[in-house]
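# Descriptive analysis of the structure
Letter by letter, the chains look like this.
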Amino acid sequence: IAHLAAARTGGRDIFIRAAVHSPDKADFVKKLGADEVVQFDYAKEETFKPALEGMTQVFSANPDPVADGHAKFCDAIGAMGTIKHAVRLSCFGADDLTASYDEKVHASMAGENIPGMLRGYWRDEKVLLKHLPKTTTTLRANFFQGHIVKPETGNIDEHGFFQSPLGETKNSFVSTNDIGEVAAISFLEGVEKHGNKFYDLTGPVPMSMHDVAADLAKALGKPVEYRAQDIDQFEKDFGPQRRAFFEYLRNGFYTRCSPDFYNVTGRKPQAFIDYLQQPGKAGETGLEDMWKAGMWSKGKNVMEGHEK
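Conventions used here
Residues numbered from 1 in each chain as written. Predicted model: local features only at pLDDT ≥ 70, side-chain atom pairs only at ≥ 80, totals over all residues. Heavy atoms only, no water. Helix = DSSP H or I, 4+ residues; strand = E, 2+ residues; numbered from the N terminus. Rg over C-alpha atoms; globule rule 2.2 N^0.38 Å. Buried < 20%, exposed > 50% of the residue type's maximum accessible area, 1.4 Å probe, protein only. Contact = heavy atoms within 4.5 Å. Areas by Shrake-Rupley, 256 points an atom, 1.4 Å probe, with all protein chains shown as cover. Lys, Arg positive; Asp, Glu negative; His and termini not counted. Charge placed at Lys NZ, Arg CZ, Asp CG, Glu CD. Pairing = 2+ DSSP bridges. Expected span 1.5 Å × (residues − 1). Polar contact = N/O pair within 3.5 Å; in protein donor to acceptor, adjacent residues only side chain to side chain. Axes fitted to C-alpha atoms, helices over the stretch in contact; angles between N-to-C directions. Parallel < 35°, antiparallel > 145°, perpendicular 65-115°, else oblique. Left-handed = near helix turned anticlockwise from the far one by under 90°.

## With respect to the overall build of the chain
Of the regular secondary structure elements, the chain holds 14 helices and eight strands. Expected size for 308 residues packed as a compact globule is a radius of gyration near 19 Å; at 19 Å, the chain falls within 12% of this value. The principal-axis extent of the C-alpha atoms belonging to the chain is close to 50 × 45 × 35 Å. Residue burial in the chain is summarised as follows: out of 308 residues, 52% are buried. Looking at the chain alone, contacts between residues at least 24 apart form 75% of all its contacts between residues at least 6 apart. For the chain, the exposed area adds up to about 14400 Å²; of that, 49% sits on carbon and sulfur atoms. Averaging the coordinates of the 37 positive side-chain charges in the chain and doing the same for the 43 negative ones gives two points 3 Å apart.

Below is the structure:
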C-alpha cells in the first residue's frame, strides 16, 4: 500500500523516504517517487532511527507475524517525538474505541472469540494510537481484491479453476489502489483534516466466488471455474488463524459497502473487474499483482508461533 501512496505523492513538494525490507526494491520505489531509500527491518531496532530521522509523517503497516517489532517501532516514534501525522493500515471488526466489539464475542460462532488476526489488527492500531492518539488516520480495509485467489493462481493456470471456502457469501473486497489513494490524500490534505479519523474501506459491491470467477474469466479471456473448498481442508492448508478470519468472510460480516472512500474522494470505489484490467499508479494491473507470490501459500502456516 505504501508504494501506491508514494506513487500518488511523488513529485509534490514532499520529501519521501521509503523504508524497505529488501534492498532490491530500491530502484522500483524510487521510480514511483521516493527521494531516498533506507533498509528497514522490524526485527532490527537499529533500523528505526534512520527511517524516522527528519520525518514528520509516517505510513504504518506490518505483516501479521511481526507485531512485537511493530510495537517497538511505535515506541521509537513516541520517543523521538518528531512524527506529527501517521496513516495506519488496519482492518475493521475488533476495536473498542470507535465501536464496542467484545473480543470474547464472535460474530456468528457461540462461545468463540473474535478471530485472533482481527484482534491483532486492533492491537497494532492501539500501540500506535498510544503515542499519536489524535494525529493518526486509520485505514480499516476489507479483504484485498488482490488476495482473493493469490494462492490459487497455479490452479487457474494449469487447470482452469480455483478453490475457496467462501462459496455464495458475498464480500465487498477492496482495491489496494483505493487504499493507496486515501493514504495519499490523507497526507496531502494533512492531519488537520484527517487526524483522528477512521475510514472503513471496501469495494463498491459485494461479490460471491462465482462473481469473482466470472470477472477473472473476462479479464483472462478464458473460462475460470469456482470450486467450493471444505473449510477443514482450508485450515489444514493455511492454519487455524487464517480459518478463524475466513469465518468472518463466510458469515456476512464483510458484506457491507462503506461510503468512506466516496466521502474522501467524491467517487465510488474501484470495481474488481477494473482492478484486474486497469494499471494502477504503480504501473501494473490487478492481474499482474495477483499473480505475484504472496505471504500466504498452501501448506505454510505463517502465523504459527504468533497465535497470541
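## Here we look at the pairing of strand E1 (residues 17-20)
Pairing of E1 with strand E2 (residues 36-39) involves four bridges; the strand directions are parallel. Each bridged residue has a counterpart across the sheet, and for Arg17 the counterpart in E2 is Glu36.

## Some words on helix H7 (residues 176-189)
Helix length check: H7 (14 residues) gives 20 Å between terminal C-alpha atoms against 20 Å at 1.5 Å per residue, within 8%. H7 sits mainly inside the fold: twelve of its 14 residues count as buried. Buried within H7 are the following residues: Thr176, Asn177, Asp178, Ile179, Gly180, Glu181, Val182, Ala183, Ala184, Ile185, Ser186 and Phe187. The residue sitting at the N-terminus of H7 and contributing the capping side-chain oxygen is Ser175; that oxygen lies 3.1 Å from the backbone nitrogen of Asn177.

## Brief notes about the environment of Ala107
Looking at the element boundaries, Ala107 is found in the loop between strand E4 (85-90) and helix H5 (116-129). Overall, Ala107 belongs to the partly exposed group, its relative accessible area being 46%. Residues Ala107 and Asn251 lie 144 residues apart in sequence; the distance between their C-alpha atoms is 7.9 Å. The residues contacting Ala107, other than those within four sequence positions of it, are Tyr248, Asn251 and Phe253.

## Quick word on the packing of helix H4 (residues 67-80) against H5
Packing of H4 against H5 leaves a shortest axis separation of 8 Å and a crossing angle of 15°. Classed by the angle they form, the pair H4 and H5 counts as roughly parallel. Helix-helix and strand crossings are classified by hand; for H4 and H5 the assignment is right-handed. Note on element contacts: H5 touches H4 through Arg123, Asp124, Val127 and Leu128, opposite Ala67, His70, Ala71, Cys74 and Ile77.

## Some details on the environment of Glu181
Secondary-structure assignment places Glu181 in helix H7. Glu181 sits in the buried class, given a relative accessible area of 8%. Distance in space between the C-alpha atoms of Glu181 and Lys281 is 9.2 Å, their sequence separation being 100 residues. Residues within four places of Glu181 in sequence aside, it is in contact with Arg8, Phe261, Thr265 and Arg267. At 2.6 Å, the side chain of Glu181 and the side chain of Arg267 are in polar contact.

By themselves, these are just geometric observations and shouldn't be taken as functional.
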